[in-house]
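Structural features, examined
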Amino acid sequence: MAECHPVGFQWVVEAKKRGATVIHVDPRFTRTSALADLHVPLRAGSDIAFLGALVNHVLTREADFREYVVAYTNAAAILSDEFVDTEDLAGVFSGYDPDTGSYSATSWQYEGASEASAAGSRDQWDEAGVGHEAGRAEAAGSGGAAGAASARPERDETLTHPRCVYQVLKRHFARYTPELVERVCGIDPRTFARIAEAVVANSGRDRTTAFVYSVGWTQHTVGAQYIRTASILQLLLGNIGRPGGGIMALRGHASIQGSTDIPTLFNLLPGYIPMPHAHQHEDLDAFVAADAGRTGYWGHMRAYLVSLLKSWWGDAAREDNDWCFGHLPRLTGDHGTYSTVMGQVDGSVKGYFLVGENPAVGSAHGKLQRLGLANLDWLVVRDFSLIESATFWQNAPEIETGELSTETIGTEVFFLPAASHVEKDGTFTNTQRLLQWHHKAIEPPGDARSDLWFFYHLGRAIRRKLAGSTDPRDRPVLDLVWDYPTEGRYDDPSAEAVLAEINGFGPDGPLSSYTQLRDDGSTRCGCWIYCGCRADGVNQTARRKPGHEQSWVAPEWGWAWPANRRILYNRASADPDGNPWSERKRYVWWDADERRWTGADVPDFEPTKDPAYRPPPDATAEDALAGVDPFIMQTDGKGWLFVPTGLADGPLPTHYEPAESVLRNPLYPTRQSNPVRQRYPRPDNPIHQFGGDVYPYVFTTYRLTEHHTAGGMSRTLPYLAELQPEMFCEVSPALAAERGLTHGGWATVVTPRTAIEARVLVTARIRPLRLGDTTVHQIGLPYHWGSNGIATGDAANDLLGIELDPNVYIQEAKAATCDIRPGRRPRGPELLALVRAYRRRAGIGEDG
Amino acid sequence: MTFLGWPVLRQLAGADRLGRGAAARSRRTDGLTARTETADAVVRSVCPYCAVGCGQRVYVKDGAVTQIEGDPDSPVSRGRLCPKGSASKQLVTNPDRVTTVRYRRPYGTEWEELDLDTAMDMIADRVLATRRETWQDTDSDGRVLNRTLGFAHLGGATLDNEENYLAKKLYTALGAIQVENQARI
């Protein structure tokens with residue numbers, strides 16, 4: 001955190017000054033470790049074993065926050081007797097189909113859920129392979145899984161029923177002991193005990209513990225389940241929805257949260273509404289019935305979606321044409337960025353827009369990225385400088401090796417210079433869901449334009465060219481609401497006008513809350529969770545009341561979605577009766593005299609819903625949630641310790657080894673890696689699963705304070721290039737001795753994909769780990785460099801293969817295996833020969 | 001007099017024994033003015049690097065950015081910026097920044113110049129041609145697809161929300177579904 005989010009880390013330092021214990025779990029020692037009370041190195045790719053053991057520690061001691069757990073989680077829910085755990089099936093859950101490598105979730109349901117849900121919906125769910133498609137998983141992850149999770153399952157509040165979630169968890173995690181942690185993670189039992197005791201002692205009525213993570217948790221073939229394990233632990237300890245608690249995703253880019261909320265992601269529409277699938281949904285009603293929960297706030301999905309369709313297609317969207325629902329293109333599976341690259345290599349994807357992104361350096365398996373770029377008909381790159389993804393036809397490493405040559409690359413390339421953040425108006429959404437408006441200070445230079453300008457004027461040009469078309473496929477383009485006012489020297493579309501459309505309008509003007517949205521076409525809203533960012537017609541995101549003139553929550557700085565709430569699910573900061581759990585942790589509570597929720601934040605609850613409210617049996621949407629149900633997006637209002645539906649790879653997290661590992665899975669020797677991970681077994685994506693001594697070391701990639709991701713915004717800046725001028729690798733003194741590496745000299749790192757060179761940094765910051773009898777060496781590789789800019793070097797991501805998390809299709813970039821040898825890498829075709837010789841020795845065939 | 005003006009004497013004789021205040025000042029330093037004081041405008045902004053969202057104050061003089069500082073009013077950052085945020089002025093003023101359109105024709109060996117309007121028109125033509133060639137009305141079972149897999153988008157996560165909104169809206173209307181972002185990565 002101190003490395004990659006340095007200014008955010010000041011709050012950790014503040015907490016430490018007030019007595020907080022800071023524990024840093026990371027394979028390498030960083031600036032964060034330097035300021036932590038305890039640095040705990042662990043083997044990259046082993047975190048589920050570590051977190052699972054913390055869960056086991058809590059469960060075996062019954063150290064959970066029992067009142068919170070019983071009232072606010074699904075610990076008491078009783079599962080169907082069809083559910084069988086990985087512990088009883090040697091590493092897979094019930095419902096596994098080895099032929100398709102996917103799960104059916106029917107056996108993961110609550111007891112009696114099948115009677116409670118509409119069979120039609122469930123059949124549609126199953127037809128999709130139950131969450132094996134990313135869109136499905138995210139919809140359910142937001143609590144939108146229809147029909148699958150009964151709003152009111154049978155419960156045993158004594159938590160003793162053998163099939164209640166609490167007991168199922170206990171059995172599932174029973175083997176996650178400190179001894180297993182030592183064998184899997186390389187953390188000794190004494191250190192583990194110290195961490196477990198600190199976390200438990202710091203949780204409860206008076207205290208809360210927070211977890212902070214970044215892509216060290218997400219970039220794995222089990223990434224979503226890493227976060228799930230932390231969620232289980234935090235729910236058991238009562239650390240969700242409370243001040244000082246939570247699981248914070250430290251996101252790495254100025255508006256990466258915004259890019260997820262208003263998604264440029266294939267599987268989502270704005271506000272986490274799933275994109276429709278071709279084979280599942282016929283019309284809008286069928287789509288909503290299959291995807292939206294009937295209970296909880298997803299019960300209003302129809303209103304959110306109709307309002308979105310109205311904001312896109314305006315008066316053309318009418319009740320008699322299903323609100324233009326048919327204008328939406330349909331998905332048929334995985335259309336993620338890695339599938340797209342395979343499509344480029346195979347020739348089906350012919351055109352590509354790269355807008356502020358440099359996959360030739362920043363994405364896994366750089367060679368495949370570049371071969372894809374070289375096989376396009378046309379490519380548009382928008383950036384500040386000529387990044388590697390724009391110049392691959394001149395200087396890709398594959399030109400040196402002879403795999404590509406400039407004269408035979410047919411890609412037509414357009415490079416369009418981009419405006420910087422001070423040359424345009426607009427909002428970024430930061431890592432805590434805070435929208436902040438940035439004002440335009442100057443005009444962009446030369447041909448540089450904002451991306452808002454680009455998309456608006458591209459749309460106008462396309463619509464001009466299609467004008468008069470009677471082809472039905474052009475209707476969605478011609479019907480589009482695309483008439484934003486322009487301003488300034490370059491006819492920039494007004495960002496305020498676009499934000500106003502995102503916020504939405506009703507019959508009486510700008511909307512102020514998503515609760516105003518209707519499904520009758522009377523409201524328009526481009527992203528329902530952002531509704532209210534221009535409440536009362538005022539740009540709330542531009543508010544800048546100084547922090548020192550406000551409460552510590554600072555509600556008048558910017559605007560946080562939803563409804564300017566700063567802590568999600570904050571109803572859980574009060575006990576079931578609505579009183580603060582303790583004075584020290586007072587945040588949002590029920591004011592019995594005023595009969596409403598009040599406190600330091602906007603309550604994440606209906607403002608006047610009495611804690612004593614119990615829903616009638618036929619209630620829907622939020623009316624179906626009781627006054628003690630804080631998790632209002634879930635169909636049952638509870639935090640899910642066990643996930644009955646929506647995850648592709650199981651209702652509980654299980655330790656699997658990374659797709660490439662130096663170890664046989666100690667937990668399930670016959671089940672090495674996540675059995676449903678997304679794989680691309682093809683000759684150009686060779687993977688070395690495990691075994692042998694050809695690739696004996698673990699490597700992990702990371703960022704440095706002085707650079708930014710693939711370098712497009714940092715390697716060209718003299719200040720930053722000077723601070724970190726060159727690619728390097730971090731190795732321990734022991735590994736340096738074992739391999740003859742010299743500090744300051746060169747090393748070559750080899751994987752089945754390629755070999756790269758780096759300067760050697762021999763440092764005690766990387767410690768060899770002892771896993772029982774085995775010693776595991778890890779190598780640290782920053783991934784910022786490429787061939788262009790001021791500071792240059794080989795790209796670490798070239799080393800990676802492509803295997804993905806099956807829920808979210810994120811690549812496993814944080815744990816893989818390699819060899820390291822002294823000296824620079826060979827040049828030209830000899831590089832290919834070296835890599836091939838390694839593959840041959842490892843027995844990796846040409847079929848991958 | 002010149003001799004008596006030596007800073008070391010002021011340091012030894014005066015109250016500023018460590019030479020970090022008045023003793024170190026000269027007439028020249030007294031005459032200097034910070035760029036931040038002579039700016040025509042101070043514009044409120046947000047750092048474009050990581051997702052902490054530190055407040056920035058952008059100082060502008062004669063239509064150019066002269067300095068970018070942390071915004072002490074921000075309850076997020078309290079005026080701090082990290083090395084990247086502190087260097088962000090160079091993102092704007094860096095002389096290596098490319099400010100004209102570049103074009104590489106198929107099989108070409110060099111960049112060529114191209115007018116922005118022409119480039120936009122050519123890109124619109126490419127989109128429509130690829131869309132036409134790769135359009136899918138239905139799949140083999142007759143289910144409606146209404147889409148093209150012929151072109152794709154990958155965006156960085158420094159785009160504004162408004163920009164992502166227009167991108168998603170336009171691509172979806174065109175039937176392009178392979179619309180992706182750094183957020184996947």
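Residues numbered from 1 in each chain as written. Chains lettered and ligands numbered in written order. Predicted model: local features only at pLDDT ≥ 70, side-chain atom pairs only at ≥ 80, totals over all residues.

**Some words on the overall build of chain A**
- In terms of helices and strands, chain A carries 26 helices and 30 strands.
- In terms of overall size, chain A behaves like a compact globule, its C-alpha atoms giving a radius of gyration of 27 Å where 848 residues would be expected to give roughly 29 Å.
- Seen through its C-alpha atoms, chain A measures out along the principal axes to roughly 75 × 70 × 60 Å.
- Evaluated residue by residue, chain A yields a buried proportion of 62% over its 848 residues.
- Here the contacts in chain A between residues at least 6 apart in sequence split such that 71% fall between residues at least 24 apart. (Helix = DSSP H or I, 4+ residues; strand = E, 2+ residues; numbered from the N terminus. Rg over C-alpha atoms; globule rule 2.2 N^0.38 Å. Buried ≥ 20, exposed ≤ 12 C-beta atoms within 10 Å, placed from the backbone. Contact = placed C-beta atoms within 7 Å.)

**Structural notes on the overall build of chain B**
- The number of helices and strands found in chain B is six helices and nine strands.
- The globule rule puts the C-alpha radius of gyration for 185 residues at 16 Å, and the 27 Å found for chain B is more than 25% above it.
- Overall, chain B is about 95 × 40 × 30 Å in size when its C-alpha atoms are taken along their principal axes.
- Relative to its 185 residues, chain B shows a buried fraction of 46%.
- Considering only residue pairs separated by 6 or more positions, chain B has 30% of its internal contacts joining residues 24 or more positions apart.

**Notes on the sheet that holds strand S18 (residues 559–560) of chain A**
Residues and elements named next belong to chain A.
- Reading across the sheet, the three strands line up as S12-S13-S18 and stay open at both edges, with antiparallel pairing between neighbours. Only two strands of the sheet have a single partner each, and these edge strands are strand S12 (426–429) and S18.
- Here four bridges tie S12 to strand S13 (residues 434–438), and the two strands are oriented antiparallel to one another. The residue of S13 that forms the bridge with Thr427 is Trp437. (Pairing = 2+ DSSP bridges.)

**Describing the domain arrangement of chain B**
- Here chain B is described as being made up of domain 1 (1–32), domain 2 (35–93) and domain 3 (102–184).
- Distance from the C-alpha centre of domain 1 of chain B to the C-alpha centre of domain 2 of chain B: 32 Å. (Domains from an automatic or database assignment.)

**A few points about the packing of helix H21 (residues 451–466) of chain A against helix H6 (residues 161–174) of chain B**
- Taken N-terminus to C-terminus, the directions of H21(A) and H6(B) make an angle of 25°; their axes are 8 Å apart at the nearest point. Compared by their axis directions, H21(A) and H6(B) come out roughly parallel. Our pair here, H21(A) against H6(B), has a crossing hand that is left-handed. Note on element contacts: H6(B) touches H21(A) through B:Glu162, B:Glu163, B:Leu166, B:Ala167 and B:Leu170, opposite A:Asp451, A:Leu452, A:Phe455, A:Tyr456 and A:Gly459.
- Within the contact of H21(A) with H6(B), the residues separate by chemical class into six nonpolar, one polar and three charged. (Axes fitted to C-alpha atoms, helices over the stretch in contact; angles between N-to-C directions. Parallel < 35°, antiparallel > 145°, perpendicular 65-115°, else oblique. Left-handed = near helix turned anticlockwise from the far one by under 90°. Nonpolar A, V, L, I, M, F, W, Y, C, P; charged D, E, K, R; others polar.)

**A closer look at the environment of B:Leu81**
- Looking at the secondary structure, you find B:Leu81 in the loop between strand S3 (64–70) and helix H3 (83–86).
- When the C-alpha positions of B:Leu81 and B:Ile68 are compared, they lie 9.7 Å apart, and in sequence the two are 13 residues distant.
- Excluding anything up to four places from it in sequence, B:Leu81 contacts A:Val7, B:Cys47, B:Cys54, B:Gly70 and B:Ser86.

**Notes on the domain arrangement of chain A**
- Partitioning chain A into domains gives domain 1 (10–65 + 172–253), domain 2 (254–332 + 434–445 + 491–562) and domain 3 (678–842).
- On a C-alpha basis, the centres of domain 1 of chain A and domain 2 of chain A stand 34 Å from each other.

**A closer look at helix H12 (residues 223–236) of chain A**
Residues and elements named next belong to chain A.
- Compared with an ideal rise of 1.5 Å per residue, which puts 14 residues at 20 Å, H12 spans 21 Å between its outermost C-alpha atoms and is within 8% of the ideal.
- Burial within H12 is extensive, with 14 of its 14 residues counted as buried.
- Following H12 by one or two positions, Gly238 has its phi on the positive side, about 70°. (Expected span 1.5 Å × (residues − 1).)

**A word on the interface of chain B and chain A**
- Opposite the 98 residues of chain B that make contact, chain A presents 126 residues.
- By residue class, the composition of the side of chain B that touches chain A is 51 nonpolar, 25 polar and 22 charged.

**Looking at the packing of helix H3 (residues 47–60) of chain A against helix H10 (residues 189–201) of chain A**
All names here are of chain A.
- Between H3 and H10, the shortest axis-to-axis distance is 10 Å and the interhelical angle comes to 60°. With respect to H10, the element H3 is oriented oblique. Taken as a pair, H3 and H10 cross one another with a handedness that is right-handed. Every residue of H10 that contacts H3 at Ala53, Leu54, His57 and Val58 is listed here: Phe192, Ala196, Val199 and Val200.
- Tallied by class, the residues present in the contact of H3 with H10 amount to seven nonpolar, one polar and no charged.

**Considerations on the pairing of strand S8 (residues 151–155) of chain B**
- Counting buried residues in S8(B) gives five out of five residues, a clear majority hidden from the surface.
- Across the two faces of S8(B) the burial is the same, with B:Phe151, B:His153 and B:Gly155 and B:Ala152 and B:Leu154 all buried.
- In the sheet, strand S9 (residues 351–355) of chain A pairs with S8(B) via five bridges, with the strands oriented parallel. Paired with A:Phe353 across the bridge in S8(B) is B:His153.
- Summarising the sheet, S8(B) and strand S9 (residues 179–181) of chain B pair through three bridges and their orientation is parallel. Residue B:Gly155 lies in a different strand from S9(B), and its bridge partner there is B:Asn181.
- Read from S8(B) through H6(B) to S9(B), the crossover connection turns out right-handed. (Right-handed = clockwise from strand over helix to strand, strands pointing away.)

**Some remarks on the sheet that holds strand S1 (residues 41–46) of chain B**
All names here are of chain B.
- One open sheet holds the three strands; their spatial order is S1-S2-S3, and the pairing between them is antiparallel. Looking at the sheet topology across the chains shown, the edges are occupied by S1 and S3. Geometrically, the sheet is characterised by an average inter-axis angle of 30° between neighbouring strands, direction not taken into account.
- Pairing of S1 with strand S2 (residues 55–61), which is carried by six bridges, proceeds in the antiparallel orientation. Its bridge partner lying in S2, Arg44 is registered against Arg57.

**Considerations on the nonpolar core**
- Ranked by internal contacts, the top residues of the largest apolar core, which has 280 residues, are A:Val55, A:Val165, A:Leu309 and A:Val749.
- Look past the residues within four positions of A:Val55 in its chain and what remains in contact with it is A:Phe173, A:Tyr176, A:Thr229, A:Ile232, A:Leu233 and A:Leu236. (Core = buried A, V, L, I, M, F, W, Y, C linked by C-beta atoms within 7 Å.)

**Digging into helix H23 (residues 495–503) of chain A**
- Of all nine residues making up H23(A), seven are buried, and the element is well covered by its neighbours.
- Of all the residues in H23(A), the buried ones are A:Ala495, A:Val498, A:Leu499, A:Ala500, A:Glu501, A:Ile502 and A:Asn503.
- Where H23(A) is buried, its residues contact helix H15 (301–313), S12, H21, strand S15 (492–493) and strand S17 (509–510) of chain A together with H6 of chain B.
- A positive backbone phi angle near 105° is found at A:Gly504, which sits one or two residues after H23(A).

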